[in-house]
Amino acid sequence: MIFDVTIIGGGPTGLFAAFYAGMREMKTKVIETAPFLGGKLPYYREKFLYDIGGIAAITAGDLMKELEAQARTFDPVIVLSQLIVQMERRVDGTFCLTSNTGEKHYTRTVVIAIGGGTLVAQKLELPGAEQYEGCCLHYRAENVAHFRDKKVLISGGGDSAVDWALALAPIARFVGIVHRREEFRAHEGNVSKMKNASIRLMSSCRLKEIYGNGERIERVAIEHLGTDESFALDIDEIIVSHGVKPDLGGIKNWGLEIEQNRIIVDAWMQTNIPGIFAAGDVVEYPGKLPGLIAGGFMEGPAAINRAKAYLEPDKEVKPIWSTDHAALEAIHGGSKEG
Ligand SMILES: Cc1cc2nc3c(=O)[nH]c(=O)nc-3n(C[C@H](O)[C@H](O)[C@H](O)COP(=O)(O)OP(=O)(O)OC[C@H]3O[C@@H](n4cnc5c(N)ncnc54)[C@H](O)[C@@H]3O)c2cc1C
């Protein structure tokens, strides 16, 4: 089945664009990598937003529900838990998008509304570190039992690093935490707990070298940043907790013009690839107001209008008003004057 438009990303921009595409009678699909819709909104669902046009105050959680209900008005196909990674232009000019599950999605146009993309862990920049990933060097430690009776070193000084140190202290043989700064940047109560637990704190220090046999880590060298002195520790497992950074993932390789993790678009939200448009937090153009939901609410319709014009080059595509929309009147009851 081929769609007129496939919107990648189910955040505020993608959801509003899906509604608008429905208003324009476009056969629409939305693909979201998370198992839920809403983009960043679910992450601050209890907070009030005061800068959504026409709404004095609304929580992010409620805005999310309203956006989803509105987006579903014209029954778009919504696909969850799929990360779009590949794009192939077919001989007839349409697109085939492939997700991380291998599923293929066929579409005539694409609107990219992926915010900053996905969050990827900041890597440990140390020669030879990569070979231990997946066995004894971890960026996401999900299974506490894996560390039972092991000698564990945690690198990082934020909440996640401190949480791991506290979780592992009762079961590991040794837990050390190494942090570049003097103070830990985590929740005060947890830092106090950590100071009173059997955890070796190494502040103003960095992990300088990893020694092992290529399959297992055996030892590390830690450097004190004030004195430049180094010392060795016997270690079996390393957890790196240096935070995350946004990344566009496979979309970076599509041939789009990208600067500083942002897709360059023109005033109509057209990318440099005909038929592919972008909107919301992911775009950059002169005058872009970054990180504003209101921006995505304008850019989404602009991208959809342009996608419609791309599909119907011989017709004049004018912006449309919802007040004149017969299908919406039928759904919501029409005007008060009757
Ligand atoms: C704490 C906080 C408070 C904020 N307060 C305000 C405020 O008061 N007012 C305001 O206007 N803005 C606020 N913002 C900013 C606002 O949340 C963003 O501007 C808005 O969410 C951007 O919407 P978006 O749809 O462009 O991107 P996002 O909300 O980031 O949504 C993008 C979606 O795309 C998905 N995705 C990414 N890559 C892929 C892929 N390859 N395949 C499939 N799906 C993918 C992501 O999972 C995500 O769901 C706040 C943000 C935060 C973090």
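Everything below is about the structure printed above this text.
Residues numbered from 1 in each chain as written. Predicted model: local features only at pLDDT ≥ 70, side-chain atom pairs only at ≥ 80, totals over all residues. Heavy atoms only, no water.

Asker: Outline the sheet that holds strand β17 (residues 237-240), listing residues and values.
Answerer: If you trace the 5 strands from one edge of the open sheet to the other, you get β10-β17-β11-β12-β13, paired in parallel fashion. The outermost strands of the open sheet, each flanked by one partner alone, are β10 (137-138) and β13 (200-203). Bridge count between β10 and β17: 2 bridges; the pairing is parallel. The residue bridging H138 from the neighbouring strand is I239, located in β17. Packed onto the sheet, helix α3 (residues 159-168) meets β11 (151-155), β12 (174-179) and β17 and runs at close to 165° relative to β12. (Pairing = 2+ DSSP bridges. Helix = DSSP H or I, 4+ residues; strand = E, 2+ residues; numbered from the N terminus. Contact = heavy atoms within 4.5 Å. Axes fitted to C-alpha atoms, helices over the stretch in contact; angles between N-to-C directions.)

Asker: Summarise the nonpolar core; cite the residues concerned and give the values.
Answerer: One recurring pattern in soluble globular proteins: nonpolar side chains tend to sit buried together. Ranked by size, the top nonpolar core spans 54 residues in total, and within it I7, I112, W254, I276 and I304 carry the most contacts. Among the elements that make up this core, the one with the highest residue count is helix α1 (residues 12-23) (8 residues). Those residues in contact with I276 that sit more than four places away from it in its chain are M87, F95, V110, I112, W254, L256, Q270 and T271. (Core = buried A, V, L, I, M, F, W, Y, C linked by side-chain atoms within 4.5 Å. Buried < 20%, exposed > 50% of the residue type's maximum accessible area, 1.4 Å probe, protein only.)

Asker: Give me the site of the ligand: which residues, what numbers.
Answerer: Surrounding the ligand, one finds 26 residues, the nearest of these being T13, E32, K40, Y44 and I293. Here an oxygen atom of the ligand sits 2.6 Å away from a polar atom, N or O, in the side chain of E32. Contact distances for the ligand include 3.2 Å between a nitrogen atom and a backbone N or O atom of T33. Burial of the ligand by the protein amounts to 81% of the accessible area it has alone, namely 1000 Å². Across the shell around the ligand, the residue classes tally to 12 nonpolar, 10 polar and 4 charged. (Near = heavy atom within 4 Å. Polar contact = N/O pair within 3.5 Å; in protein donor to acceptor, adjacent residues only side chain to side chain. Areas by Shrake-Rupley, 256 points an atom, 1.4 Å probe, with all protein chains shown as cover. Nonpolar A, V, L, I, M, F, W, Y, C, P; charged D, E, K, R; others polar.)

Asker: Describe the packing of aromatic side chains, naming the residues involved and giving the relevant values.
Answerer: Two aromatic rings are characterised by how far apart their centres lie and by the angle between their planes. Under the definition given, this model contains 7 aromatic pairs. Taken together, a centroid distance of 5.9 Å and an interplanar angle of 35° make the contact between F19 and F74 tilted. Taken together, the residues F19 in helix α1 and F74 in the loop between α2 (60-71) and β5 (77-79) connect sequence positions 55 residues apart. The structure contains a cluster of three or more aromatic residues connected by ring pairs, namely F16, F19, F74 and F297. In this arrangement the basic side chain of K27 is found over the ring face of F3, its NZ or CZ atom lying 5.5 Å from the centre. Stacked on the ring of Y211, the Lys or Arg R219 has its end atom at 4.6 Å from the ring centre. (Phe/Tyr/Trp six-rings, centres within 6.5 Å; stacked < 30°, edge-to-face > 60°. Lys NZ or Arg CZ within 6 Å of the ring centre and 35° of its normal.)

Asker: Run through the environment of G296, naming residues and quoting values.
Answerer: Position of G296 among the secondary structure elements: in helix α5 (residues 293-311). Along the backbone, G296 and G14 are 282 residues apart, and their C-alpha atoms lie at a distance of 8.2 Å. When sequence neighbours within four positions are dropped, the list of residues in contact with G296 reads T13, G280 and P301.

Asker: How would you sum up the pairing of strand β1 (residues 2-8)? Please name residues and give values.
Answerer: Burial of β1 is extensive: 6 of the 7 residues sit out of reach of the surface. Since β1 and strand β2 (residues 28-31) lie parallel, the crossover through α1 that links them has a hand, and here it is right-handed. (Right-handed = clockwise from strand over helix to strand, strands pointing away.)

That's the geometry; what it means functionally is another story.
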